Amino acid sequence: MNKLKSINKRSWLSSPYIVWIIGFTVIPMIVIFRYALTNPDGGFTFSQITAILDPVHLRALVFSLEIAVGSTLVCILLSYPLVLAMRRLNLGKQGFALFILILPMWMNFILRVLAWQMILSKNGILNFVLKGLGLEPLAIANTGTAIMIGMVYDYLPYMVLPIFNAVAEIDEDIIEAAKDLGAGGLTIFRKIILPLSIPGLLSGIVMVFVPSMTSFVVSDILGGGKLQLVGNIIEQEFTKNMNWNLGSGLSVSLMIFVLISMAFTMKHDVEGKGSAIW
Amino acid sequence: MVERIKDWISRFYLGLIILFLYAPIAVLIVLSFNSSRSRVVWGGFTLNWYSRLFSNRQIGEALSTTLIVALLSALIATVIGVLGALGIHAMREKNYQLVMVFTNIPMVNADIVTGIALMLWFVHFIPLGFGSVLLAHITFNIPYVILSVMPKIRQMNVSLYEAARDLGAGPVYGFFKVLLPQLAGGIVSGFFMAFTMSMDDFVITYFTKGPGVNTLSTMIYGEIRKGIKPEMYALSTLIFAFVFVILLAANYLPQRKKKTVKERR
Amino acid sequence: MIMKKRVVGVVLLLALCMGICTTGCSGAQEKKGSLTVFNYGEYLDPAVLDMFFEETGIEVKYEEALTPEEMYTKYKAGAIEYDLLCSTDYMLEKLIKEGELQEIDIDSMENAENIGDKYWEFSEAFDPDNQYTVPYFWGTVGILYDKTKVNDPVDSWGVLFDGSYSGEIIMQNSMRDTLSVALKALGFSLNTNDENEIRQAYELLEKQKADVQAYLVDEARDEVVAGNAALALVYSGEAYLGKEYNPDLEYVVPKEGSQVWLDSWGVTKNCKNLEMAMQFLDFLCREDIAQMNFEYIYYSTPNDAVIEALSEEERADETLVPTENATENCEVCVQQEPEVVELENELWKELKAE
């Protein structure tokens, strides 16, 4: 690990990226901070940032957290069996299977969410099928479950791809050797596949958890507007209430909150760095 | 026997996931043949929307803008992102963490916040239009590239690169012939994630675009109120069918060659 | 890996080809100038812009917005110099008060007389002397309901609040529209600045929430059409489409009165070429053009010439031509006091967080 760093003085490779970050992430952030730290009359205040502690906002934050954690967990639980199943396919088919996973994402997002609404609604396709099978219809529309389904649907590929990339890299010989030494399927998964896929898993968690904390379209359409996530409130402050200060303030506190949880993951990440290299 | 059951189970599971992923797509395809303008009423079978699609200039322009922006932004984001990831990985722990925090920021911000912030910033130096949309898309694409390349970099086998250098390969040659191929999986998936993000975005695009510039997403978003035009379903179906056919072709054509290689081995 | 690369290559190449092949073409008219026009999405027949260019040689750079607030945000950022914009009553009021619109000479427009007196009167709610805006489309807010599910004829807002259609109601996902209904149901003005009245209305909505299936904006109509809900609060134009798709539906503006909304055009203070802008506004008021837009959008038009040309049946349709009766107790939304707006925003969030 350290050898790699000392041999390659290659951090300069990131200079275009650093320039980009400064130009298009840091500077726009300053704009947002300026709004977040002032009240509509222009006076300095911390109240926009602390507004997240307002019971209404806090409740939305907790609900967003539940939905985001839930969606991330479901994505992880769905991804591992999927990746293992894909691993069983021969090499040519693996690439094909990957594209099959991405392909639906190329249909427009709003169209897909609207399609889900048609599937889940009271007289929708799912209940039609259930009725045909003689089963009780489900009342999923306009609930937290519907929002979760929408999120999992939308973000699943972002979890599968990095995990698959990590797992695909594992040498078949290692697994064979473990088998020869008497390791069962579960042990192989726990001792080899899981640890080796950690870097991919972490990327996946970031790419699923973070966007699902701020999304609002899925909850608006599939949640029937009865449930609000932090993303909905921020969106509303900007577009409906024209209160950019409060919107920015909430956004900044959400950002701090998410970055702290990311820093927590990062800590594990650093440990993961060691274990991933064995 | 056990292996065969396992194979069967894993195929069944794959099937379930595919059903989950393609159920809404199937709905969209069915809607493209619906003669009623409403998405919730079945008015009979028609191919009308397909013929109207081809005479609709606005949709054509939006499609070309969408594809060009998605391609360019994904390509540029991939180049900057891959180089960035390689560089960041070589940084000292502290800098590494700092840059990664900033990498996450475009994802942490709600789209509307990013969109408005970028608009207020762009106003100072670039007219809102195609260029500003492209810049914005590159900005929110890069994190996805970095996050999908990073795990690969961690797994990278550096001794291969060292060996190549020892055997006389220059740094550039070594980079393209030894380092890059090891990262290929991550680069490809990063590119596709970026491409997809770009195709789907509407909020950021809306705030950074100028008059006359439309992507399919902003167009569709504008149509929700009056009801999505069925031409859009037809277009989605065509794009889907088009890519799917290419995939099938690409999958089955080289497949045979591979088999023969295997047999020979 | 080889296979992946190949697929990537092929996909990219084809995508690029598709992209290049579809880039556009241009007409024969010589270009004399251009106008940058800001309007709502799907709110003008694109063919109208082509005709305008053919007749006048003025090219229209067309930009669309989804909501009045988004339009305002983009306009205020100043990145694009819009010449003309179309927005809704209360947003126009805000723009006029901020001095963003310039006075126009409506009498100089040849076709302005096509717009009926009634609509100029509506406009006075936000443009007191009819100096800034030209009406474009208008309508009411009312209840779209399914006759097969709702037995008694609906004529009052009460049906949304008495709990008899629990789980079958769809309200608007917009504070102002939904609150207006509660205010009207209680017999108050929807432009009230009385905190007490607003709190009463909020209590009504709070009680109602358990009965509400969803708060939607654009999908409300479809949910009733599909039979997922029995009653929905919708704009009259939406109701027209709903009835087209499902003949069992009926639309009513309750007797307590409701909101009348008006979308109008204004010329921005930055407009460089007032003469061209006026030409465009006049063009929109011309009967054949208003007719085209009407048939594209199917909202109520203020253009009397177009209404007169309608068939008997269409003219009797409450969703296309609201009657005097229906609009009698209705009000146009205007800006409320800032403290009141703040209170409403707070209450709305609380309602949603319940």
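Conventions and cut-offs
Residues numbered from 1 in each chain as written. Chains lettered and ligands numbered in written order. Predicted model: local features only at pLDDT ≥ 70, side-chain atom pairs only at ≥ 80, totals over all residues. Helix = DSSP H or I, 4+ residues; strand = E, 2+ residues; numbered from the N terminus. Buried ≥ 20, exposed ≤ 12 C-beta atoms within 10 Å, placed from the backbone. Contact = placed C-beta atoms within 7 Å. Rg over C-alpha atoms; globule rule 2.2 N^0.38 Å. Axes fitted to C-alpha atoms, helices over the stretch in contact; angles between N-to-C directions. Parallel < 35°, antiparallel > 145°, perpendicular 65-115°, else oblique. Left-handed = near helix turned anticlockwise from the far one by under 90°. Nonpolar A, V, L, I, M, F, W, Y, C, P; charged D, E, K, R; others polar. pLDDT = per-residue confidence, 0-100. Expected span 1.5 Å × (residues − 1). Pairing = 2+ DSSP bridges. Domains from an automatic or database assignment.

Peer 1: How do you make sense of the overall build of chain B when you look at a structure like this?
Peer 2: When helices and strands are counted, chain B shows eleven helices and zero strands. The helix and strand sequence of chain B, counted from the amino end, reads α-α-α-α-α-α-α-α-α-α-α. Each principal axis of the C-alpha distribution contributes one length, and for chain B these read about 70 × 65 × 30 Å. Split into buried and exposed, the 265 residues of chain B put 52% on the buried side. Put simply, 78% of the contacts in chain B that link residues at least 6 apart link residues at least 24 apart.

Peer 1: Teacher, can you tell me more about the overall build of chain C here?
Peer 2: A tally of regular secondary structure across chain C gives 16 helices and ten strands. Here chain C has a C-alpha radius of gyration of 23 Å; the compact-globule value for 354 residues is 20 Å, and the two agree. Seen along its three principal axes, the alpha-carbon backbone of chain C occupies a region of about 70 × 60 × 45 Å. When burial is assessed residue by residue, chain C has 47% of its 354 residues classed as buried. Once local pairs closer than 6 in sequence are excluded, the contacts in chain C between residues at least 24 apart make up 77%.

Peer 1: Just to check I follow, could you spell out the packing of helix H6 (residues 130-155) of chain B against helix H8 (residues 171-200) of chain B for this structure?
Peer 2: Residues and elements named next belong to chain B. Relative orientation of the contacting elements H6 and H8 amounts to 155 degrees, with a least axis distance of 8 Å. On the basis of the axis angle, H6 is roughly antiparallel to H8. At the point where H6 passes H8, the crossing takes the right-handed sense. When H6 is examined against H8, the residues His 137, Phe 140, Asn 141, Tyr 144, Val 145, Ser 148, Val 149, Pro 151, Lys 152 and Ile 153 are found in contact with a partner set consisting of Gln 182, Leu 183, Gly 185, Gly 186, Ile 187, Ser 189, Gly 190, Met 193, Ala 194, Met 197 and Ser 198. Residue composition of the contact of H6 with H8, by class: eleven nonpolar, nine polar and one charged.

Peer 1: I would appreciate a short explanation of the confidence of the model for chain B in the present structure.
Peer 2: Atom-level detail of predicted coordinates should not be read off regions where pLDDT is low. Residue and element names in this part refer to chain B. Of all residues in chain B, 95% attain a pLDDT of 70 or more, and the chain-wide mean is 86. Element-level mean pLDDT values for chain B span from 74 in helix H11 (residues 230-264) up to 93 in helix H3 (residues 57-89). Here residues 255-265 scores under 50 on pLDDT; set against residues more than four positions off or in separate chains, the count is two contacts.

Peer 1: Looking at this structure, how should I read unusual backbone geometry?
Peer 2: Most peptide bonds take the trans configuration, and most residues that are not glycine carry a negative phi. Here the phi dihedral of Asn130(C) falls at roughly 50 degrees; this positive angle occurs in a residue that is not glycine. Relative to the helices and strands, Asn130(C) is located in the loop between helix H5 (117-123) and strand S4 (133-146).

Peer 1: What is the right way to read the interface of chain B and chain A from this model?
Peer 2: Where interface size is given, it is often the accessible area lost as the parts come together that is meant. Tallying the contact residues gives 80 residues for chain B and 78 residues for chain A. The dominant element in the side of chain B that touches chain A, judged by the number of residues it contributes, is helix H1 (residues 2-32) of chain B, at 14 residues. Across the side of chain B that touches chain A, the residue classes tally to 55 nonpolar, 18 polar and seven charged.

Peer 1: Help me understand the environment of Leu85(C), please; the structure alone is not making it clear to me.
Peer 2: All names here are of chain C. With respect to the helices and strands, the residue Leu 85 is situated in strand S3 (residues 84-88). Leu 85 sits in the buried class, given 28 other C-beta atoms within 10 Å. Distance in space between the C-alpha atoms of Leu 85 and Lys 349 is 30 Å, their sequence separation being 264 residues. Leu 85 has contacts with Phe 38, Met 71, Tyr 75, Gly 266 and Thr 268, leaving out every residue within four places of it along the chain.

Peer 1: Looking at this structure, how should I read helix H6 (residues 109-120) of chain A?
Peer 2: Along an α-helix, residues three or four positions apart point the same way, because every turn accommodates 3.6 residues. Residue and element names in this part refer to chain A. Between its terminal C-alpha atoms H6 stretches 17 Å, which fits the 16 Å expected from twelve residues at 1.5 Å a residue. Most of H6 sits out of view: eleven of its twelve residues are buried. Buried within H6 are the following residues: Phe 109, Ile 110, Leu 111, Arg 112, Leu 114, Ala 115, Trp 116, Gln 117, Met 118, Ile 119 and Leu 120.

Peer 1: Would you take a moment to explain the packing of helix H4 (residues 55-88) of chain A against helix H8 (residues 144-168) of chain A for this structure?
Peer 2: Residues and elements named next belong to chain A. Close contact between H4 and H8 brings their axes to 7 Å; oriented N to C, the two are set at 45 degrees. Compared by their axis directions, H4 and H8 come out oblique. When you trace H4 past H8, the crossing you get is right-handed. Here Ile 67, Gly 70, Ser 71, Val 74, Cys 75, Ile 76, Leu 78, Ser 79, Leu 82, Val 83, Met 86 and Arg 87 of H4 lie close against H8, whose contacting residues are Gly 144, Ile 147, Met 148, Met 151, Val 152, Tyr 155, Leu 156, Met 159, Val 160, Ile 163, Phe 164 and Val 167. Considering only residue class, the contact of H4 with H8 consists of 19 nonpolar, four polar and one charged.

Peer 1: What should I look at first to understand the pairing of strand S9 (residues 259-267) of chain C in this one?
Peer 2: Side-chain positions along a regular strand alternate between the two faces of the sheet. Residues and elements named next belong to chain C. Counting buried residues along S9, nine of its nine residues qualify, which places the element largely inside the surrounding structure. Along S9, one buried face is formed by Gln 259, Trp 261, Asp 263, Trp 265 and Val 267 and the opposite face, lined by Val 260, Leu 262, Ser 264 and Gly 266, is buried too. As judged from the seven bridges shared by S4 and S9, these two strands associate in the antiparallel manner. What sits directly across from Pro 135, in S9, is Ser 264. Here S9 pairs with strand S10 (residues 331-332) via two bridges, running parallel. Residue pairing in the sheet places Gln 259 in a bridge with Glu 331 of S10.

Peer 1: Teacher, can you tell me more about the domain arrangement of chain C here?
Peer 2: Residues and elements named next belong to chain C. Splitting chain C by domain gives domain 1 (35-138 + 261-319) and domain 2 (139-259 + 329-353). Taking only C-alpha atoms into account, the centre of domain 1 sits 27 Å from that of domain 2. Facing 17 residues of domain 1, the contacting portion of domain 2 comprises 14 residues. Breaking the side of domain 1 that touches domain 2 down by element, the ones donating at least two residues are helix H4 (89-97), S4 and S9.

Peer 1: What exactly am I supposed to notice about helix H4 (residues 93-108) of chain B here?
Peer 2: End to end, H4(B) covers 22 Å across 16 residues, agreeing with the expected 22 Å (1.5 Å per residue, within 8%). Three or more residues of H4(B) are buried, namely Val99(B), Met100(B), Thr103(B), Asn104(B), Ile105(B), Pro106(B), Met107(B) and Val108(B).

Peer 1: Is there a simple way to think about the pairing of strand S6 (residues 212-216) of chain C in this case?
Peer 2: Residue and element names in this part refer to chain C. Within S6, five of the five residues are buried, leaving the element largely enclosed by the surrounding structure. Pairing analysis gives four bridges linking strand S5 (residues 169-172) to S6, with the strands arranged parallel. Its bridge partner lying in S6, Met 171 is registered against Tyr 215.

Peer 1: Where do I start with the confidence of the model for chain C in this structure?
Peer 2: Residues and elements named next belong to chain C. Summing up the model confidence of chain C, the mean pLDDT is 88 and the portion of residues at 70 or higher is 92%. For residues 21-27, every residue scores under 50 in pLDDT, and the model assigns this stretch eight contacts once sequence neighbours within four places are set aside. ipTM for the predicted complex: 0.84, alongside a pTM of 0.87.

Peer 1: Could you clarify how one ought to interpret the environment of Gly142(C) in this entry?
Peer 2: Residues and elements named next belong to chain C. For Gly 142, the location among the structural elements is in strand S4. Classification of Gly 142 as buried rests on a count of 28 C-beta atoms within 10 Å. Those residues in contact with Gly 142 that lie beyond four places of it in its chain are Ser 236, Ala 239, Tyr 251, Val 252, Val 253, Pro 254 and Ser 258.

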